[in-house]
Amino acid sequence: MTSQIKWNEFHKKSLQEKIDFLKKNTHLTKEEFTLLENALSFETANNMIENAIGTFQLPLGIATNFKINGIERLIPFVIEEPSVVAAASKAAEITLPQGFTASTDEPIMIGQVQLVNVPDAKKAIKAIEASKKKLIDSINDPSSTIFKQGGGAKNFEAKIIQTTRGECVCVYLEVNVQDAMGANTVNSMCEKLAPLLEELTGGEARLRILSNLAVKRLARAKAVWTKDNLEKSFKGEFTGEEIIERFLDCYAFAEADPYRAVTHNKGIMNGIDAVVIATGNDFRAIEAGAHAFASLTGRYKPLTKYYKNKNGDLVGEIELPLALGIVGGATKTHPLAQMSLKLLGVKTAKELAEIIACVGLAQNFAAVRALSTEGINRGHMRLHANNIAVMAGAKGEQIRKIAEKMYEEKNVKLERAKELMK
Ligand code: MEV
């Protein structure tokens, strides 16, 4: 990949110039460029889901200016919402030259086996704990790739859970899934473990499934937005200190109020989901895990934290579960997911999680920066005007002209766009 400076200008290029630039500055092949136009064949789609009748396309864009743990990354976003790619790229630009730092836990997923009608739950827990090593050895397959690479079932905890239908015993199995998202591996292991637990406890197995609350697989990212960079980003309209104070007021509100916290987190997920989808990962799993994690203290909280460092600069941090894979499922079957992973240049699922955590932080910073100063509409309005022009039937150069006119008039409405078309 080429230097950051050149990518800063990426958004100003025409589509053809963007493609030419990618041809020069990435390792994508001729075939991969063809895919950009005709991404998913019906045949592939039909093998991915049942009753397929076609494909549904979404825009694929690239967020620029991300430097993560010292490495510059191009980040593919699949998203229908205007401004998201631009906002993430802007937020990342303001972190430069340092960029982001990020880290992840080992890829440990949790699976659950539920046992009902256990004659003596306390005795069952003791028996399960006493047979831990034997049980784990029986569900690990030493000939499997995952096991050979150091993955597989590692540990478990057994608990009594009170339900509306009486108590049950639940085993929380911990599996190192390496570079997979892990659902298939964990589900298979839970199914293998269940009859062994039934035999040991005299109970009956019910649910045997992965939990999407992947608290053992957290990703973290951090960035500093300096007063100077912040001030420059507004071309002097606000001072750096002023921006930071306004920003922290908004953050404190999200900390205190779940109605705001959920929108704050929605902004985070704008970026996270876009990359999760671009890489063929399961965005519902990521969403479910993120929101459950945000509520883990019993109160719904923001997934990010902001504070001032000793220089008075703004520090942002994010932590959330990110169960992502780079092998298996749509990450392998969707040709554009493969291309996205190649563009990102990731070699492990951990690296992908680190990048996506940075995107979540950048996206949230961008939204709160705009909300706490100029408001969200100023940035949105230009792109919104483009969409309205398209809805009014504008084509090619007409789109830009009509959008620009409506923007200048501060009258971005479908009626006005139709008038201008006439
Ligand atoms: C819109 O998609 C996302 C925002 O509402 C996020 C936020 O309010 O922080 C702008």
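So, a few notes on the structure that sits alongside this text. (Residues numbered from 1 in each chain as written. Predicted model: local features only at pLDDT ≥ 70, side-chain atom pairs only at ≥ 80, totals over all residues. Heavy atoms only, no water.)

### Some thoughts on the sheet that holds strand 6 (residues 166-176)
Hydrogen bonds between backbone atoms are what pair the strands of a sheet, whose relative direction is either parallel or antiparallel. Strand order in the open sheet formed by four strands is 5-6-4-7, with antiparallel pairing between adjacent strands. Of all the strands in the sheet, the pair left with one neighbour each is strand 5 (152-163) and strand 7 (204-210). Along the sheet, successive strands turn relative to each other by an average axial angle of 20 degrees, direction set aside. Looking at chain direction, strand 5 and strand 6 are connected through 11 bridges and run antiparallel. Bridge pairing in strand 6 places alanine 158 opposite valine 171. Each of strand 5 and strand 6 touches helix 7 (residues 132-139); the most contacted strand, strand 5, lies at about 120 degrees to it. (Pairing = 2+ DSSP bridges. Helix = DSSP H or I, 4+ residues; strand = E, 2+ residues; numbered from the N terminus. Axes fitted to C-alpha atoms, helices over the stretch in contact; angles between N-to-C directions. Contact = heavy atoms within 4.5 Å.)

### A short note on the pairing of strand 9 (residues 304-308)
Each regular strand carries side chains that alternate between the two faces of the sheet. One ladder, built from five bridges, connects strand 9 with strand 10 (residues 314-321); its direction is antiparallel. The partner of lysine 305 across the bridge, within strand 10, is glutamate 317. The antiparallel pairing of strand 9 with strand 10 creates a hairpin that spans five residues between the two strands, and glycine 312 there sits at a positive phi of about 85 degrees.

### Looking at the pattern of salt bridges
Tallied over the entire structure, the rule returns 19 salt bridges. Taking the shortest distance from any N to any O, the salt bridge between arginine 220 and glutamate 319 comes out at 2.7 Å. Taken together, the residues arginine 220 in strand 8 (residues 218-225) and glutamate 319 in strand 10 connect sequence positions 99 residues apart. Look at glutamate 319 and you get partly exposed, because its relative accessible area is 30%. In this structure, arginine 416 engages glutamate 419 in a salt bridge whose closest nitrogen and oxygen atoms are separated by 2.8 Å. (Salt bridge = Lys/Arg side-chain N within 4 Å of Asp/Glu carboxyl O. Buried < 20%, exposed > 50% of the residue type's maximum accessible area, 1.4 Å probe, protein only.)

### What to know about the site of the ligand
Around the ligand, the neighbouring residues are Glu81, Arg260, Thr263, His264, Lys266, Gly267, Asn270, Ala367, Leu371 and Ile376. Contact between the ligand and glutamate 81: an oxygen atom at 2.7 Å from a side-chain N or O atom of the residue. A distance of 2.7 Å separates an oxygen atom of the ligand from a polar side-chain atom of lysine 266. When isolated, the ligand has an accessible area of 300 Å², and the protein chains bury 84% of it. At six residues, helix 12 (residues 258-278) tops the list of elements feeding residues into the shell around the ligand. Among the residues forming the shell around the ligand, the class breakdown is three nonpolar, four polar and three charged. (Near = heavy atom within 4 Å. Polar contact = N/O pair within 3.5 Å; in protein donor to acceptor, adjacent residues only side chain to side chain. Areas by Shrake-Rupley, 256 points an atom, 1.4 Å probe, with all protein chains shown as cover. Nonpolar A, V, L, I, M, F, W, Y, C, P; charged D, E, K, R; others polar.)

### Some remarks on helix 13 (residues 283-294)
The end-to-end C-alpha separation of helix 13 is 16 Å, in line with the 16 Å expected for 12 residues at 1.5 Å each. Along helix 13, the residues that are buried comprise Ala285, Ile286, Gly289, Ala290, Phe293 and Ala294. Taken down its axis, helix 13 places every buried residue within 155 degrees of arc, on the same side. Contacts made by the buried residues of helix 13 are with strand 8, helix 12 and strand 10. Between a side-chain oxygen at the N-terminus of helix 13 and the backbone nitrogen of arginine 284 the separation is 3.1 Å; the capping residue is aspartate 282. (Expected span 1.5 Å × (residues − 1). Arc of directions from axis to C-beta.)

### Quick look at the packing of aromatic side chains
The tally for this structure, following the rule as stated, stands at eight aromatic pairs. When the ring of phenylalanine 247 is compared with that of tyrosine 306, the centres are 4.7 Å apart and the planes differ by 65 degrees; the resulting orientation is edge-to-face. Highlighted residues: phenylalanine 247 in helix 11 (residues 240-256) and tyrosine 306 in strand 9, separated in sequence by 59 residues. For the pair phenylalanine 247 and tyrosine 306, a shared accessibility class is recorded, and that class is buried. (Phe/Tyr/Trp six-rings, centres within 6.5 Å; stacked < 30°, edge-to-face > 60°.)

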